[in-house]
Amino acid sequence: MDINMIDLMDLEDLDMLDTTRRPDRHRHRVNPFELSDEDFRYKYRFSKRFGEKIVGILREDLVHDPRGCPLSPEIQVVCALRNWARHEIQDDTADLHGVSQPVVSRTCKKVAEILSRKSREFIKMPTTLNEQQETIRKFRSIANFPTVIGAIDCTHIRVKKVNADGGQLYINRKGFSSINVQVVCDADLKIMDIVTRWRGSVHDSRIFRECRLKQRFEAGAFSGILLGDSGYPCTPYLFTPLLNPTTPQEERYNRSHIRTRNTVERCFGLWKQRFRCLLRGMFGDIETAKKTIVACAVLHNMAIDMREDVFSGERDSIEQYSSEPIVQRYIAPSIRGNIRRRQFIETHFQDNTHL
């Protein structure tokens with residue numbers, strides 16, 4: 001047989017292979033809410049009741065296009081929940097739910113955008129006098145530190161290497177690219193304020209200096225104070241620990257301050273334990289990463305309100321995935337802040353009832 005004829009037959013065979021219609025594996029989908037409670041929790045690290053609550057909140061915004069092969073609101077929510085909570089590769093999430101990886105990527109982006117738009121409903125400082133007094137009461141129950149309305153700190157969320165102009169500004173003091181996220185939490189570990197727009201090289205004190213919350217404190221919107229670490233300047237409304245306590249009163253102040261401010265560290269730990277994407281890093285574009293961080297903060301607050309237990313199927317510790325704390329340079333207190341803190345210590349820390 002002519003060798004050219006053999007080549008022609010081979011090409012025809014290849015054409016038949018290429019044009020044969022393959023079964024669409026992405027069409028096989030099941031409703032995840034038909035799973036048992038135990039199976040749902042194993043797959044998504046949250047209870048089925050929690051998933052249903054999210055679907056109820058987002059359903060109107062997740063109404064799908066009836067053309068093609070649409071995703072139901074239920075599938076969209078669980079794809080995002082599994083991807084953020086387990087931080088598995090998107091191909092695995094896609095295979096589990098009968099969709100493609102690009103669909104999972106677009107779905108997570110869409111759910112993050114919607115949740116971030118709704119964030120003011122779930123992330124807010126106490127505004128009424130009763131709300132502020134209740135917040136202060138809960139903080140005081142920790143170590144008898146009075147008039148605290150929030151604990152503030154920043155945490156670095158790793159992002160993929162940024163190659164665009166200015167990408168080096170995302171590199172923090174530990175040498176990896178990150179977003180420096182400012183959080184204020186309450187005594188229940190709920191996030192009351194969050195700022196996600198700053199690159200990793202920016203110092204905590206600058207983030208607070210330029211945030212809207214600082215303006216609200218200066219305008220007298222709150223009856224209490226914030227507690228921060230020595231990376232912030234001490235002001236009349238943000239107290240930091242004393243660098244070198246010399247009297248029993250100052251030592252009591254520092255001990256009480258540390259125990260009370262520790263709530264924000266515990267908040268970070270719980271938040272990142274629930275959403276492993278915050279521990280291991282974001283791999284999408286920067287704007288989507290910022291919205292995803294806010295979305296995870298919304299879901300964290302909802303989980304606290306609904307008394308969701310942290311998933312116990314993965315016992316590995318937070319420290320396994322997080323870097324050592326980035327040491328902030330000491331910021332000297334302002335004159336007014338120093339005077340206000342001194343008066344506060346003399347008024348509230350004379351006796352030994354705080355510990």
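Residues numbered from 1 in each chain as written. Predicted model: local features only at pLDDT ≥ 70, side-chain atom pairs only at ≥ 80, totals over all residues. Heavy atoms only, no water.

Within an unreviewed UniProt entry, the label attached to the protein chain reads Putative nuclease HARBI1, and the organism entered is Parnassius mnemosyne. The annotation that UniProt attaches to the protein chain under Sequence similarities (unreviewed entry) is "Belongs to the HARBI1 family." (UniProt positions renumbered as here; feature names shortened; annotations may be inferred.)

Among the secondary structure elements, tyrosine 253 is positioned in helix H11 (residues 248-274). Overall, the relative accessible area of 0% leaves tyrosine 253 in the buried class. Through-space distance from the C-alpha of tyrosine 253 to that of arginine 341 is 9.8 Å; in sequence the pair is 88 residues apart. Discounting residues that sit within four places of it in the chain, tyrosine 253 has contacts with Phe145, Phe239, Thr240, Pro241, Leu242, Arg341, Phe344, Ile345 and Phe349. (Helix = DSSP H or I, 4+ residues; strand = E, 2+ residues; numbered from the N terminus. Buried < 20%, exposed > 50% of the residue type's maximum accessible area, 1.4 Å probe, protein only. Contact = heavy atoms within 4.5 Å.)

Another aspect to go through is the sheet that holds strand S3 (residues 191-199). On the basis of which strands lie adjacent, the open sheet formed by five strands has the order S3-S2-S1-S4-S5 and mixed pairing. With one partner strand each, in any of the chains shown, S3 and strand S5 (238-239) form the two edges of the open sheet. Pairing between strand S1 (residues 148-158) and strand S4 (residues 225-227): three bridges, direction parallel. Residue pairing across strands places alanine 151 opposite leucine 227, the latter belonging to S4. Each of S1, strand S2 (178-185) and S3 is contacted by helix H13 (residues 286-305), which is oriented at about 170° to S3, the strand it contacts most. (Pairing = 2+ DSSP bridges. Axes fitted to C-alpha atoms, helices over the stretch in contact; angles between N-to-C directions.)

Of all the nine residues making up S3, seven are buried; the element is thus mostly covered by neighbouring parts of the structure. Where S2 lies against S3, six bridges are found, and the strand directions are antiparallel. Counted as the bridge partner of valine 184 is aspartate 193 from S3. The turn linking S2 back onto S3 is made up of five residues, and leucine 189 within it adopts a positive phi angle of 75°.

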